[in-house]
Structure formats: C-alpha cells, structure tokens
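# Architecture and fold: a report
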Amino acid sequence: MRSVLIVALFLALAGCAKPPSQTKNACAIFEQRDGVFNNWRREANKASREYGIPVPILMATIYTESGFRHNARPPRRKLLGFIPWKRQSTALGYSQALDGTWERYKRETGRGLARRTDFGDAVRFIAWYHYQSHRRNGIALSDPYNLYLAYHSGHEGFKRGAYRGRPEALNGAKRFTNISYTYARQLKDCSNY
C-alpha cells in the first residue's frame, strides 16, 4: 500500500513539472490540471473570489508571463557574447514576480510559505497584484489592457506612463487582452466553471 502511495505521489509531481499541452484553451488547461491536490480551476476560482479579478485575466497573466512553466526565468545575459552570465531580473515562476515584490506580497498577506513555483500561490499573487493596481491606479478589475500595463511597468511606472513609447509593453497588452477575451469565451462553454 505504501509503495502505491509513493508511486502515485511521484506521478502527481511529474505531471506538475511540465506545462499543459494546450495553453491557448482555458478549458483544456483546467481539464489537464484537475487533480485532488493540484486543481488549477479551484485555485484560480479561489483567487478570483478573494480579490475580484476575473479568472480569464488571471490565466492570461500566467500565459503571458511564463507560458504556464512553473520554473520560468528570464534568459541569462552573455559575457563576451557566449559565456552565460547574470539574469536580466529576479523574476521567477508562473507569475514572473520579482524578489522584492514577492517578499512584499508574503509580508502583507501573511503567506510566508508561498512559493512562486506553486500554481495556487502564484495565481493568488497575481490576483493580489491586479487588485493593488485597481486600488492604487483606479484600473477596473475587468480591464485586461491596463491591468497588464500596470503588471508590466509596476504601479509607479504605470502611474508615470512608463509604458508609453515602449512597443513591447503596448503590444504585450494587446496580446494579453486578446488571450483574456479568448479564455473568457472558452470558459463560458466549460462545465463546472
């Protein structure tokens, strides 16, 4: 019996290691991650209820930031053009949260054991961050375009308009908005949503 439990645990953990195979379909993502301990639909819905951010926006944030890779990191810079060097930032995990922002989140929410590589923790962080964008900058909770710009530029950067004149931010906001709307349409057709 113990051996069966150990094998089941390893299989469950192995399923967590790679991203879902159909990341452009929200229903398929939730179907692929609907386990007892690793249930992404349940975690996304819980974060949505807690902070008021629609599930499609939460999922679109993860799609845009990490492609649903739990251990995503920015690429390393190259020293002399070929030697791997330091990373461009401290971003890590599903949410690509920076070290300082993640520490602030844990401190302010009392979630000291939260990990950026855990889907439930990351989706709750994203909901919290978008809610902070709403409080600080008056962005509607259902406005994917501006929520993304605030996520990308930071709250103060958004307030200053740091994204203006930055095509990667503006194009990213358009892509983010499109995938948010696509996920919203798909989730309307999902059962149990």
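Presented here is an overview of the structure given in this document. Along each chain, residues carry numbers from 1 onward, in the same order as the chain's sequence is written. Local features in this predicted model are restricted to residues of pLDDT 70 or higher, and side-chain atom pairs are both shown and tallied only at a pLDDT of 80 or more, whereas totals for entire chains, interfaces and linings draw on every residue. Calculated side-chain values reflect all of the structure's heavy atoms, with hydrogen atoms and water omitted.

Turning our eyes to something else, we now look at the packing of helix α4 (residues 55-66) against helix α6 (residues 119-137). It is the contact of α4 with α6, at a shortest axis distance of 10 Å, that shows an interaxial angle of 110°. If you check the angle between α4 and α6, you find them roughly perpendicular. For the pair α4 and α6, the crossing hand works out as right-handed. Where α4 approaches α6, its residues I57, L58, M59, T61 and I62 are matched on the opposing element by F119, V123, I126, A127 and H130. Here the nonpolar group is Ala, Val, Leu, Ile, Met, Phe, Trp, Tyr, Cys and Pro; Asp, Glu, Lys and Arg are the charged ones; every other residue, Gly included, is treated as polar. Across the contact of α4 with α6, the residue classes tally to 8 nonpolar, 2 polar and no charged. Every angle, taken between N-to-C directions, lies between 0 and 180 degrees, and every axis is a line fitted to C-alpha atoms, over only the stretch in contact when it is a helix. Secondary structure elements are defined from DSSP: runs of H or I of at least 4 residues count as helices, runs of E of at least 2 residues count as strands, and each element is numbered from the N terminus. Here the word oblique covers every angle except those under 35 degrees (roughly parallel), over 145 (roughly antiparallel) and from 65 to 115 (roughly perpendicular). Left-handed describes a crossing in which the near helix is turned anticlockwise from the far one by less than a right angle; the clockwise case is right-handed. Contact between two residues is taken to exist if any of their heavy atoms lie within 4.5 Å; hydrogens are not considered.

Bringing the side chain of S66 into the picture now. Along the chain, the position of S66 falls in helix α4. We call two N or O atoms a polar contact when they sit within 3.5 Å, provided that within protein one can donate a hydrogen and the other can accept it, with sequence-adjacent residues counted only if both atoms are side-chain atoms. In terms of polar contacts, S66 uses its side chain to reach the backbone carbonyl oxygen of Y94, at 2.9 Å. In contact with S66, not counting residues within four places along its chain, are A72, G93, Y94 and Q96.

Running from N to C, α4 and helix α7 (residues 144-153) point in directions that differ by 45°, and their axes come no closer than 11 Å. Judged by the angle between their axes, α4 and α7 are oblique. With respect to the hand of their crossing, α4 and α7 are arranged in right-handed fashion. Across the interface between the two elements, I57, T61, T64 and E65 from α4 touch P144, L147, Y148 and Y151 from α7. Here the contact of α4 with α7 is composed, by residue class, of 5 nonpolar, 2 polar and 1 charged.

The next point concerns the side chain of S95. When you line up the elements, S95 lands in the loop between β2 (83-87) and α5 (99-109). In this scheme, a residue with accessible area under 20% of its type's maximum is buried, one over 50% is exposed, and one in between is partly exposed, where area comes from a 1.4 Å probe on protein chains only. Classification of S95 by relative accessible area gives buried; the value is 0%. In this view, S95 contacts E65, W102, A122, F125, I126 and Y151; residues no more than four positions away in its chain are not counted.

What follows concerns the packing of aromatic side chains. A pair of aromatic rings is counted whenever rings of Phe, Tyr or Trp (Trp by its six-membered ring) have centres within 6.5 Å, and the orientation is called stacked for planes under 30 degrees apart, edge-to-face for over 60 and tilted otherwise. For the structure on display, the rule yields 17 aromatic pairs. Geometrically, the ring pair formed by W40 and F68 is stacked, given 5.9 Å between the ring centres and 20° between the ring planes. Within this pair, whereas W40 is found in helix α3 (residues 40-51), its partner F68 is found in the loop between α4 and β1 (76-79), the two being separated by 28 residues in sequence. F68 shares its class with W40; the two are buried. Centroid distance Y51 to Y131: 6.0 Å. Interplanar angle 45°. Geometry classified as tilted.

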